[in-house]
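# Fold and geometry: a report
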Protein chains: 2
Amino acid sequence: MLSLRLTSFTHLLSPPSSAAIARRSPAILRRRHHLRPRPLAASFSSQSAAAETKDRVENSKSRVAERVITPRSQDFNAWYLDVIANAELADYGPVRGTMVIRPYGYAIWEAIQEYLNVKFKETGHSNMYFPQFIPYSFIEKEASHVEGFSPELALVTIGGGKELEEKLVVRPTSETIVNHMFTQWIHSYRDLPLLINQWANVTRWEMRTKPFVRTLEFLWQEGHTAHATPEEAEKEAIQMIDIYTRFAFEQAAIPVITGRKSKVETFAGACKTYTIEAMMGDKKALQAGTSHNLGQNFARAFGTQFTDENGLREHVWQTSWAISTRFVGGIIMTHGDDAGLMLPPKIAPIQVVIVPIWKKDDEKGAVLNAASSVKDALQRSGIKVKLDDSDQRTPGWKFNFWEMKGVPLRIEIGPRDVASGSVVISRRDIPGKQGKVFGISMEPSNLEAYVKDKLDEIQSSLLERAIAFRDSNIIDVSTYDDLKAAISQGKWARGPWSASDEDELKVKEETGATIRCFPFEQPQGIKRCLMTGNPAEEVAIFAKSY
Amino acid sequence: MLSLRLTSFTHLLSPPSSAAIARRSPAILRRRHHLRPRPLAASFSSQSAAAETKDRVENSKSRVAERVITPRSQDFNAWYLDVIANAELADYGPVRGTMVIRPYGYAIWEAIQEYLNVKFKETGHSNMYFPQFIPYSFIEKEASHVEGFSPELALVTIGGGKELEEKLVVRPTSETIVNHMFTQWIHSYRDLPLLINQWANVTRWEMRTKPFVRTLEFLWQEGHTAHATPEEAEKEAIQMIDIYTRFAFEQAAIPVITGRKSKVETFAGACKTYTIEAMMGDKKALQAGTSHNLGQNFARAFGTQFTDENGLREHVWQTSWAISTRFVGGIIMTHGDDAGLMLPPKIAPIQVVIVPIWKKDDEKGAVLNAASSVKDALQRSGIKVKLDDSDQRTPGWKFNFWEMKGVPLRIEIGPRDVASGSVVISRRDIPGKQGKVFGISMEPSNLEAYVKDKLDEIQSSLLERAIAFRDSNIIDVSTYDDLKAAISQGKWARGPWSASDEDELKVKEETGATIRCFPFEQPQGIKRCLMTGNPAEEVAIFAKSY
């Protein structure tokens, strides 16, 4: 199953920069140990209060120097890697192409998991777990499956000190082993539908890797279902892509375009692939989630049959669907700016950071007391809040640090605020003074309502901004020349399409763009294929992609 | 790290039956497709209402025949495998020694995860994720580590179609890769303590496998921490074994004995290993969780250092701790009986099952309405409830089925109950009429309070019963002859011990029993070593184990 990854064609078109990353040059990673902020894990943990003030002057001096994030407009890829390193989202593992997901990055993944896990269960799916070692012979059973995956397999050939009789595949996806087990569990129509999901790691030997977007091992959920009728399977595939779409819009504030893949881009083995396509800050498309209607292809390869109500044996109809840690990359590349990460409140591990400010030692106690009360009040009302009360950094350093980490709201409390019983609140999404409001009452119920309101506003604002960006970068085209012009400007092209697979491959070769999808939302009216001039039923979206 | 598994010595003493299981004979699996109840996944899922009554007579005939669980007293191992198959907790995977965790079994694991995950975060730990592929050279860095693990490694030698330059170990545990990364994240004392955890799969090429208890791949959490002082590391190791102990007692109703491993049984590489040891229904011990004080051993092997407050470079002090899917096996073997599984309410995926009963079709509507209201009321109050309203099985079949699945409480509702506005409630832990109470009012607040009360009672009762069983099977011994007698009766022996490692190995060879731990709770008074007669500071517990 090719869900959540590009086909081999698109691989060839990946930018050279991502190949360079795979070499893991420290310079490219842009980690500067001597300057970088304190590791996140330590700031998350119950640190021993070994507060030292002697560092303060030094820290404040190096404050500007610490901002080592390449401007986004200057080099998007370098910016992306800088954000990941500086915000401590992930690190490279010792094996080429592997990634260590650090606590702050993992917390974003946990927010994704929490939301989806509830939705999967509400729609009747049960979690379970399949072994990750798959006999090699299983992979060979479905012809297009082995063709798609064999170049990317990691193989275990030695176990317990002995050469294995049959080499084992470290799962790249689980359709084969799932079908092997389904044949044992499915007997009659009463065993259907069978609706399951697993949260797991998967391995694909990718040549060109990029943190979160394409790694040798990644985390995902893979849903697998079996049904008695093709209609039910189709309904399921659509239901799951709808859940992904809602998640992207409502939680991640990513205005994905949902649609159907072209035949060329459909997962080999599936009847239909549905996808959510997101526009990144560099206007490249990211396939952020897929849902496949597998028809009876795997069922035939594995003999997954049931006895229907009339006593006849039939193959089941299946779906599979997945979202992976790649989505975290999509969040970074949708919302981030020159200052670093910008997180939608609904998936932010920290929604509000409180920075206490004092100059004289006799101010410290009152400021910290007030900050602590504000923290407790917000926490009680379910807001994810962090009080950065460390002595080791200046307020200015903290402002930059938490902006870089993408925390949606910052509360500042100084001696004058304490005296007036109020706080200052700054929005991450509106830089400088415009995003800053003074004199918000500290009174818990007032503050709580204000903060919740602002978080909602930021959530909506991020989505609106992303929608505006997306829509201003999609160009409606009616000829192939239009399409080429749009793509060469780095934009997405939307135009009627009914041409052949060969024409589609020609577009890919000549422009680097692929059909991302035939969107569910289609314009009205008569359409003529941009390539052939023949009648076309649908518009397609073309773009370069990750 | 040898946490959660037996040392190689104990392997030699494993009963032949578990070796036989590894061969996966269908007879041993005791799956009888033609007779077995409907698969769980289907009953969990939003099934199409293709209710057929023609099966009813047939089903009711085969009802007795379906109960294929070997009596526990007759063959504990066969009983265990029968329960796993019939309650649909797990299935064998296609690769020898692997296990598919089915939805009902996985839901128990999820209950374990939910509780522990909260406790880990409350104590300052952050979740993250390390790659599962570890360069082989890492494993070799810690001498005892490679010695302990090399016989059990699964090795990836081919990736992306090519022979790899360095073979990769599929993680058996993560101390090595964790230390490799810690060296990059830890610089000064301000970066400490570093407190992290990961939920992951691990692979150990075990020769003798048994579902949940010992599988080639299993799921676990592994905590890894680094500290500035040995005192802090020791405190952490104790804190985590305490969390495991509380979990075992309060959630799983398993009265584990918590203590320190002997030097022989300590994880090679650790200074101290703490363990929770549980007595199974066959009186064998199960090591159900471990917490290691690793001292500076891995830090020295990997050069994990920090600059202390005086500017000196020092190695960090570390811990690691783990609980795995093995714990699910412990729950089965602690509480189950001849009728099948018996789950403590706090970790039961279904706490209450409602079985509606009707004979005539005109009774059905009213009964199902009442059952449905009861379900909604209980669900609203946070109780995990399942209404088994299928037409395909008789109430008697359902009673047996849900008893076998270990559901703590059953509510029966028939036409007379509807008329009187009451229900009948049966406890899983008290068989027959004694566990049955008639005439409980259906009124929601009354019923909810009654059910919650009963669930608490069952939870306590399971723990009390397990404590009584445990205590009646531990014999205080003061000589080696006493010890041999106790072990030969299949019991645990507790006696003063200050003898040599050689003596400890002699006990193992002669009796099959090992020192499970020196319990934290020690008797008062002067003690003499049961083996040598010399003064002894502590009693040890000896038992045969899984």
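The coordinates are above.
Summarised in this report is the structure supplied together with it. Quantities reported herein were computed from a predicted structural model and do not represent experimental measurements. (Residues numbered from 1 in each chain as written. Chains lettered and ligands numbered in written order. Predicted model: local features only at pLDDT ≥ 70, side-chain atom pairs only at ≥ 80, totals over all residues. Heavy atoms only, no water.)

All names here are of chain A. Tallying each qualifying case throughout the model produces 46 salt bridges over all chains. Lys-119 is the salt-bridge partner of Glu-122, the closest N and O atoms lying 3.7 Å from each other. Of this pair, Glu-122 and Lys-119 both sit in helix α8 (residues 103–122), three residues apart, which is roughly one turn of that helix. Connected through salt bridges with shared partners, the residues Arg-427, Asp-429, Lys-454, Glu-457 and Arg-465 form a single ionic network. (Salt bridge = Lys/Arg side-chain N within 4 Å of Asp/Glu carboxyl O. Helix = DSSP H or I, 4+ residues; strand = E, 2+ residues; numbered from the N terminus.)

This brings us to the nonpolar core. Residues and elements named next belong to chain B. Core analysis: the largest hydrophobic core is formed by 65 residues, its most contacted members being Leu-89, Leu-116, Phe-212, Phe-327 and Ile-332. Looking at this core, the element that brings in the most residues is helix α7 (residues 103–122), giving nine residues. Of the residues that make up this core, three or more belong to each of domain 1 (79–135 + 173–335) and domain 2 (352–454). When near neighbours in sequence (up to four residues on either side) are disregarded, Phe-327 contacts Ile-112, Phe-247, Ala-248, Ala-252, Ile-254, Ile-276 and Ala-288. (Core = buried A, V, L, I, M, F, W, Y, C linked by side-chain atoms within 4.5 Å. Buried < 20%, exposed > 50% of the residue type's maximum accessible area, 1.4 Å probe, protein only. Domains from an automatic or database assignment. Contact = heavy atoms within 4.5 Å.)

Moving on to the environment of Arg72(B). Residues and elements named next belong to chain B. In this fold, Arg-72 is placed in the loop between α5 (55–66) and α6 (76–86). With 469 residues separating them along the chain, Arg-72 and Ile-541 place their C-alpha atoms 25 Å apart. When residues no more than four places from it in sequence are discounted, the contact partners of Arg-72 are Trp-79, Gly-281, Met-333, Thr-334, Gly-336, Asp-337 and Asp-338. Within the structure, the side chain of Arg-72 is placed 3.0 Å from the backbone oxygen of Gly-336, a separation counted as a polar contact. (Polar contact = N/O pair within 3.5 Å; in protein donor to acceptor, adjacent residues only side chain to side chain.)

Attention now goes to the pairing of strand β17 (residues 409–413) of chain B. All names here are of chain B. Counting buried residues along β17, five of its five residues qualify, which places the element largely inside the surrounding structure. The two faces of β17 match: Leu-409, Ile-411 and Ile-413 on one face and Arg-410 and Glu-412 on the other face are all buried. For strand β15 (residues 352–356) and β17, the ladder comprises five bridges, and the chain directions are parallel. Its bridge partner being in β17, Pro-356 is matched across the sheet by Ile-413. (Pairing = 2+ DSSP bridges.)

Next up on the list: the packing of aromatic side chains. All names here are of chain B. Tallying each qualifying case throughout the model produces 30 aromatic pairs over all chains. Note on Phe-138 and Phe-302: the rings are 6.0 Å apart at their centroids and 75° apart in plane angle, and the pair reads as edge-to-face. Remark: Phe-302 occurs in helix α12 (residues 297–302) and Phe-138 occurs in helix α8 (residues 136–139); sequence separation between them is 164 residues. Here Phe-138 falls in the buried class, since its relative accessible area comes to 6%. (Phe/Tyr/Trp six-rings, centres within 6.5 Å; stacked < 30°, edge-to-face > 60°.)

This brings us to the packing of helix α15 (residues 361–380) of chain A against helix α18 (residues 444–472) of chain A. Residues and elements named next belong to chain A. At a minimum axis distance of 10 Å, the contact between α15 and α18 shows a crossing angle of 60°. Regarding α15 and α18, the two cross each other, and that crossing is right-handed. On α18, the residues that touch Val-374, Ala-377 and Leu-378 of α15 are Pro-444, Leu-447, Glu-448 and Val-451. Residue composition of the contact of α15 with α18, by class: six nonpolar, no polar and one charged. (Axes fitted to C-alpha atoms, helices over the stretch in contact; angles between N-to-C directions. Left-handed = near helix turned anticlockwise from the far one by under 90°. Nonpolar A, V, L, I, M, F, W, Y, C, P; charged D, E, K, R; others polar.)

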